[in-house]
Amino acid sequence: MAVACSRTEQVGDFRRASVTAEDELTATFNEFDNDDDGHITVEEFRQAMSRRGDEVTNDDLTSIFVHADGDGDGKINLEEFTAAWNG
Ligand SMILES: [Ca+2]
Ligand SMILES: [Ca+2]
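On a predicted model such as this, the values are computed, not experimentally measured, just so you know.

Undergrad: How would you explain the overall build of the protein chain if you had to name every residue and give the values?
TA: In terms of helices and strands, the protein chain carries five helices and zero strands. Along the protein chain, helices (α) and strands (β) appear in the sequence α-α-α-α-α when read from the amino end.

Okay, structure coming up:
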């Protein structure tokens, strides 16, 4: 667990953006959710981070999704995204 936590902090740079308001978070979620199906997939997340100029490795993505995917369906919905973003 300690390894997972430190790993998440390492890859947590995307949280640096000063997005705190719920509507801004929703806008960010929609930016990540490329096909607007209400879920962010690993591939959508990778592409969104790339658009922001942050390349993430598969290991990083796995760590982020393990951390953020509360119900374990392999995708991140707005509720999970909000919870993960707020740490
Ligand atoms: Ca999607
Ligand atoms: Ca999920």
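Next comes the rest of the write-up.
Undergrad: Pulling in residues and values, what's your account of the environment of Phe29?
TA: Looking at the element boundaries, Phe29 is found in helix α2 (residues 22-32). Spatially, the C-alpha atoms of Phe29 and Ala48 are 9.9 Å apart, while their sequence positions differ by 19 residues. Once residues within four sequence positions are removed from consideration, Phe29 is found in contact with Leu78 and Phe81.

Undergrad: Account for the confidence of the model for the protein chain, naming residues and giving values.
TA: Summarising the model, the protein chain shows a mean pLDDT of 84, and 77% of its residues fall at 70 or more. No element of the protein chain has a lower mean pLDDT than helix α1 (residues 2-10), at 49, and none a higher one than helix α3 (residues 42-51), at 95. Across residues 1-6, where pLDDT falls below 50, the model places two contacts with residues more than four positions away in sequence or in other chains.

Undergrad: Describe the packing of α3 against helix α4 (residues 58-68), listing the residues and the values that go with them.
TA: For the pair α3 and α4, interaxial distance at closest approach is 11 Å and the crossing angle is 120 degrees. In terms of crossing hand, the pair formed by α3 and α4 is right-handed. The residues of α4 that touch α3, namely those facing Val42, Phe45 and Arg46, are Leu61, Ile64 and Phe65.

Undergrad: Tell me about the packing of α2 against helix α5 (residues 78-85), and name the residues and values.
TA: With their axes 10 Å apart at the nearest point, α2 and α5 run at an angle of 115 degrees to one another. The crossing of α2 and α5 is right-handed. On α5, the residues that touch Leu25, Thr26 and Phe29 of α2 are Leu78, Phe81, Thr82 and Trp85. In terms of residue class, the contact of α2 with α5 is made up of five nonpolar, two polar and no charged.

Undergrad: Could you give an account of the environment of His39, with specific residues and numbers?
TA: Residue position: His39 is located in the loop between α2 and α3. His39 sits in the partly exposed class, given 19 other C-beta atoms within 10 Å. Here His39 is in contact with Asp33, Lys75, Ile76 and Asn77, once residues within four sequence places are set aside.

Undergrad: Give a detailed account of the nonpolar core, specifying residues and quantitative values.
TA: Counting residues in hydrophobic clusters, the biggest one holds seven residues: Phe29, Phe32, Ile40, Phe45, Ile64, Ile76 and Phe81. When neighbours within four sequence positions are excluded, Phe32 is seen to be in contact with Ile40, Glu44, Phe45 and Ala48.

Procedures and definitions
Residues numbered from 1 in each chain as written. Chains lettered and ligands numbered in written order. Predicted model: local features only at pLDDT ≥ 70, side-chain atom pairs only at ≥ 80, totals over all residues. Helix = DSSP H or I, 4+ residues; strand = E, 2+ residues; numbered from the N terminus. Contact = placed C-beta atoms within 7 Å. pLDDT = per-residue confidence, 0-100. Axes fitted to C-alpha atoms, helices over the stretch in contact; angles between N-to-C directions. Left-handed = near helix turned anticlockwise from the far one by under 90°. Nonpolar A, V, L, I, M, F, W, Y, C, P; charged D, E, K, R; others polar. Buried ≥ 20, exposed ≤ 12 C-beta atoms within 10 Å, placed from the backbone. Core = buried A, V, L, I, M, F, W, Y, C linked by C-beta atoms within 7 Å.

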